[in-house]
Each structure stands twice: as structure tokens, then as C-alpha cells.
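Chain and residue survey
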Amino acid sequence: MKAILQVDPSAATPLWRQIEEGVRRLVATGGLSAGALMPSVRDLARELGVNPNTVVKAYQHLVEAGVLSVRRGDGTYVAERPPGFSAAERGAMLREGALRFAATAQTVSATLPDASTALASAWKTFQPVRRGEKS
Amino acid sequence: MTSNAEMNPVDCHQLGVRYGRMVALEEVTFTVAPGQVYALLGRNGSGKTSLVRCLLGHQKPCSGHIELFEQDVWASRRSLMHRVGVVSEEPDAPPTMTTRQVLQFCAGLYPSWDALGVEARLQRFRVPQELPFGKLSRGQKAQVSLALALGPRPSLLVLDDPTLGLDAVARREVYDELLGELAERGTTVFITTHDLAGIEGLADRVGILHQGRLLVDASLEDLKARYRKIGWAPPQALRLEDLAPYGPLGFRMGSLGGETVLQGDPAPLLAARPEVQIQDLSLEELFVTLVGADTEVAS
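Conventions adopted
Residues numbered from 1 in each chain as written. Chains lettered and ligands numbered in written order. Predicted model: local features only at pLDDT ≥ 70, side-chain atom pairs only at ≥ 80, totals over all residues. Helix = DSSP H or I, 4+ residues; strand = E, 2+ residues; numbered from the N terminus. Buried ≥ 20, exposed ≤ 12 C-beta atoms within 10 Å, placed from the backbone. Pairing = 2+ DSSP bridges. Axes fitted to C-alpha atoms, helices over the stretch in contact; angles between N-to-C directions. Contact = placed C-beta atoms within 7 Å. Nonpolar A, V, L, I, M, F, W, Y, C, P; charged D, E, K, R; others polar. Core = buried A, V, L, I, M, F, W, Y, C linked by C-beta atoms within 7 Å.

1. Describing the overall build of chain A
Each helix and strand in chain A was counted, giving five helices and two strands. Going from N to C terminus, chain A has its helices and strands arranged as α-α-α-β-β-α-α. Taking all 135 residues of chain A together, the buried fraction comes to 22%.

2. As for the overall build of chain B
Along chain B, the regular secondary structure elements total 11 helices and 14 strands. For chain B, the spread of C-alpha atoms along the three principal axes comes to 70 × 40 × 40 Å. Out of the 299 residues belonging to chain B, those deemed buried represent 39%.

3. Considering the sheet that holds strand β7 (residues 156-160) of chain B
All names here are of chain B. The six strands lie next to each other as β6-β7-β8-β3-β9-β10, forming an open sheet whose pairing is mixed. A strand with exactly one partner marks an edge of an open sheet, and here the two such strands are β6 (84-87) and β10 (213-219). Strand after strand, the sheet turns through a mean of 15 degrees between neighbouring axes, direction not considered. Where helix α5 (residues 138-150) meets the sheet, its contacts fall on β6 and β7, and the angle it forms with β6 comes to roughly 175 degrees.

4. Topic: the interface of chain B and chain A
Counting from both sides, the interface comprises 24 residues of chain B and, opposite them, 17 residues of chain A. Those elements that place two or more of their residues in the side of chain B that touches chain A are α6 (168-185), α8 (220-226) and β14 (276-279) of chain B. At seven residues, the largest contribution of residues to the side of chain B that touches chain A is made by α6(B). Partitioning the side of chain B that touches chain A into residue classes produces 11 nonpolar, five polar and eight charged.

5. Some remarks on the nonpolar core
Residues and elements named next belong to chain B. One finds Val37, Ala39, Leu51, Leu55, Ile66, Val158 and Phe190 to be the most contacted residues of the largest nonpolar core, which totals 88 residues. No other element matches the seven residues that α5 contributes to this core. The contact partners of Ile66, leaving out residues within four places of it in the chain, are Val10, Cys12, Leu15, Cys54, Leu55 and Val73.

Read these as geometric descriptors, not functional statements.
Structure follows, in C-alpha cells:
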């Protein structure tokens, strides 16, 4: 997961939320499968170069949301049936992202069809790679 | 007696230091909670050195006081220092002693000495232990100094610009070692540094000293929520008047648009002006914005 989960300390989004969203995205796209063992706080903190407290905070939020589960004395795992986002959460995130994208598109005077084409091609970048298929 | 876990490792109260008529520190108050990483930032001459000297009990403040684990550091320096690991700006040991000899000397001073841990660290750093300390590179000296500071398993680690003059690799190794220590033992860290990019992922809380006063004392997350950088592109140019209600700092306008850092919540502005976008604000940019020029900061 080293290559896929990345954080930017200088970004406007808090680090723990970047980690939380990154893990959620990996779970949603199949990069992390249900029941998979998560890296230890120490390992992930080192890998990302962030304070372990930050990873702890992200893990706590993910555990509360039911995405991860802790087995005492064993480790942190992806839940057997991780929940997706709630309808409200999904709506809010979509709207926020869409606003940002629409602003960029209008700044470069793209038409709506242009923007849609760009979105469709970006969409494919994040499609989960299915087993046995060549990318 | 309260247990270690509940006591604040650092409690700095109304600290003042004057040299003759020059004021070095004035009414500096902050707290470092257990397990926190507190980064103290400031330009040269901002009072950082005086603050660190007071924090380590090397200097008696003119007013106010600093407590480490609820004991006055000036009065109880000797009994406190076994709980505090220090990496000073200029790592120092007798230049003819080898690292191994320095290690043996330090190990004898502390009953709680973690010989295995120190050995493992020095191996990770690949420091040749048979070489006289004076022959080590600057980076190796800093690494030995960090290994020694962690030797007695301190509850508080004070790092005074530990990456000064180190190359990128040595710097990364020092931060990695620090991360490991944080994850394993939850050691509280007080660090002064000029490497703002390096500390940005590590610090829980940030203090910015400016002209002897603590201009900022906040969690990094709160700071980023309080100050938002915005940018906009032509053709619709924003004027300074449009921004006035949001307390702009360091308004910059170029032919390709403009940017500024706002102290107020930019939501109304973003709603009214779609061409305005929130941009990432690094700790370094924020630092330069706050202390780089004469800016008025709302507290």
C-alpha cells in the first residue's frame, strides 16, 4: 500500500483525514480487501513520515465508522463488511468535488461536454483492477 | 504525587528574559502535554535560544518560570535532568574519545540506560563507533547525540535544531528515528527547527516566537483551519477592498492572478466569487506570512 496511500503534510486537509480518506478509498476500490491486516501505527507512521498520533487518530475514526476493526493484542484489520459512505456523506463529498472541478473547468473555458469527457477518462484511472484482467 | 502520564512535561508561565535594556522574551506562556510533539519556530534573534536555555535550567528567567513535570526547572535542575534527553544545536563530546567510550561513560551515569536500544540506533545510523568523536561528520555527530539523548529512556526530549546543517539523507534518518521513538514510547518532544517542511508531518502543536513574544501557540490543525490561503485567476480581479473583511495577510497580485492568506472564514467569499479557490498552505508559507513582514495578526 506504500505506493497507493500518500499524504501531503502541506495540504489544506488535515493529515489524519487524508489518511482516513485514503484508506476508505482503498477499501472501496478493492486495494484493501475485507479482513486484510492493516499496517501497525508505527509502520504506517514511518512509511508516510507522519506523527504516530496522526495515524492513531485516523485509525480511531475508521474504527468508529466500522471500516476497520481492532482485535485486542493482535492488530487492526479491515472490517469483514466495511460500510460504504452514507447517502448524506456521499452527496456532500460529490458536491464538494464537483464544485472544485466545475470551477477549474470554467476557468479554462471548457464546455460541459469537454468537462464530462475529462471526468470520464479520469474515472477510469481509479477503477479497481479486476482479477485476471490485464490493465 | 501525580503520575508521569498526567503531568505536563513543560509548563512555561509568563516567561520574561532581559539583557540590560534589550528584551529577549516577554510574557511567554505555553504548555506541552504528555506525548505531544511541540515545534517552536522563530527567526534568528526571535528569542528561541533564551527560551531553550531557560527550559533546560541553564539560565534563570527575569520573570515568570518554567516547570518540567510540575517542578521548577531552575530550582530542581539536577533531579529533573535524568528525565530529559537533550540534543543541542552543536553536538559536543571530547573530540578524542571514540563513540564507544562516550557511550560507556554515559551508560555509567544512568541506572535506566537502554544499552541495546542505543546500540541498535547507532547501527541503523551506521556510525563507526571506534572513530574519535571529533572525526565524525556533522550528521554523524547529530545522530550519536540523538542516540545518547534517548539512552536513559527520557520522558521529555528537547531537540535544539537537530537537523541544522544535515543533508537530506541524514535528516530523514533523524526524523525516522524520532518517529520510531514516538510510536514505541510516546516520548514528549520539544523541538526548535528551521526545517519547516520536515517538521510539518510530525508536529502536533506549533509555537511561533517573534520579537520575544509567542505570536502563535496552536495545534497545527487549528492553525490550518484559522488561516486559509486563497488564489484567484484573471479576468475577474479581486481588490484589496473585497478582502478587507477577511483580514488578508500578505496580499500578492501578479499578471496571472493573485493570492493571499485570510484570517477569517472565507466561506462567504467563496460563495460570492466562484473564481476564488482555496489553496494548500504549507507551514513554511504560513510562517513566512506571519513573521516575514510587519503584519497585523488578530489573536
